[in-house]
Amino acid sequence: MEQTLSIIKPDAAAKNVIGKIIDRFESNNLRIAALKKLQLSKEDAQKFYDVHKNRPFFRDLVQFMTSGPVVVIVLEGENAVAKNRELMGATNPKEAKKGTIRADFAESIDANAVHGSDSLENAAIEISFFFGKRELI
Ligand code: ATP
Ligand code: MG
């Protein structure tokens, strides 16, 4: 059993497809261990995406992630980290495989619908960034 962090990004939340995206997880044997909707502050987004702070797209990424509410979700299941990444599809939706979340719901490499932890180690860090002990069942 693994846990991973998913974020339904502002573009997808604004498009009213939160439920449709959650259905992709549940239909593929990932369970919702924790979930909440919130508005990231600039500081939150900068801290969360700290690994990208020297990349040319960092400012746009922070701007986008704070442009509206997001839904943060802890997904649980067998190979949850890899399975979530597979369901998400490639970072650039134009390169994402048919039937993936990004192929179906994302517009661009900036507004790409979802985030998913890229390793078990980062998943643990990202989960504790958003959720306290009593929220994790
Ligand atoms: P995420 O971390 O959001 O799950 P990812 O792991 O597929 O996405 P990363 O390389 O971690 O991709 O990049 C983080 C985010 O930064 C991407 O989701 C995307 O919105 C943005 N990003 C990445 N590369 C570029 C780029 N070349 N141009 C613009 N934005 C980018
Ligand atoms: Mg990433």
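Scroll up a little and you will see the structure.
Residues numbered from 1 in each chain as written. Chains lettered and ligands numbered in written order. Predicted model: local features only at pLDDT ≥ 70, side-chain atom pairs only at ≥ 80, totals over all residues. Heavy atoms only, no water.

Caption draft 1: Structural context of the pairing of strand β3 (residues 70-77). Among the eight residues in β3, seven count as buried, and that is most of the element. Strand direction decides the pairing type here: strand β1 (residues 2-8) and β3, joined by seven bridges, are antiparallel. The residue of β3 that forms the bridge with Thr-4 is Leu-75. Pairing of strand β2 (residues 31-38) with β3, which is carried by seven bridges, proceeds in the antiparallel orientation. Across the sheet, the residue bridging to Arg-31 is Glu-76, located in β3. (Buried < 20%, exposed > 50% of the residue type's maximum accessible area, 1.4 Å probe, protein only. Helix = DSSP H or I, 4+ residues; strand = E, 2+ residues; numbered from the N terminus. Pairing = 2+ DSSP bridges.)

Caption draft 2: Focus on helix α5 (residues 80-88). If you check which residues of α5 are buried, you get Ala-80, Val-81, Asn-84, Leu-87 and Met-88. Within α5, the buried residues cover an arc of 135° as seen down the axis, which keeps them to one side. Looking at the buried positions of α5, the neighbouring elements they touch are β1, α2 (18-27), β3, α6 (101-105), β4 (114-116) and α7 (120-130). Directly after α5, the chain includes Gly-89, whose backbone phi takes a positive value near 85°. (Arc of directions from axis to C-beta. Contact = heavy atoms within 4.5 Å.)

Caption draft 3: Focus on the sheet that holds β2. An order of β2-β3-β1-β4 is seen for the four strands of this open sheet, with the pairing classed as antiparallel. Two strands bound the open sheet, and with one partner strand each, they are β2 and β4. Strand-to-strand twist across the sheet, computed as the mean angle between neighbouring axes with direction ignored, equals 20°. The pairing of β1 with β4 spans three bridges and is antiparallel. When the bridges of β4 are listed, Ile-8 appears paired with Val-114. Relative to the sheet, α7 contacts β1, β2, β3 and β4, its axis offset from that of β1 by approximately 60°. (Axes fitted to C-alpha atoms, helices over the stretch in contact; angles between N-to-C directions.)

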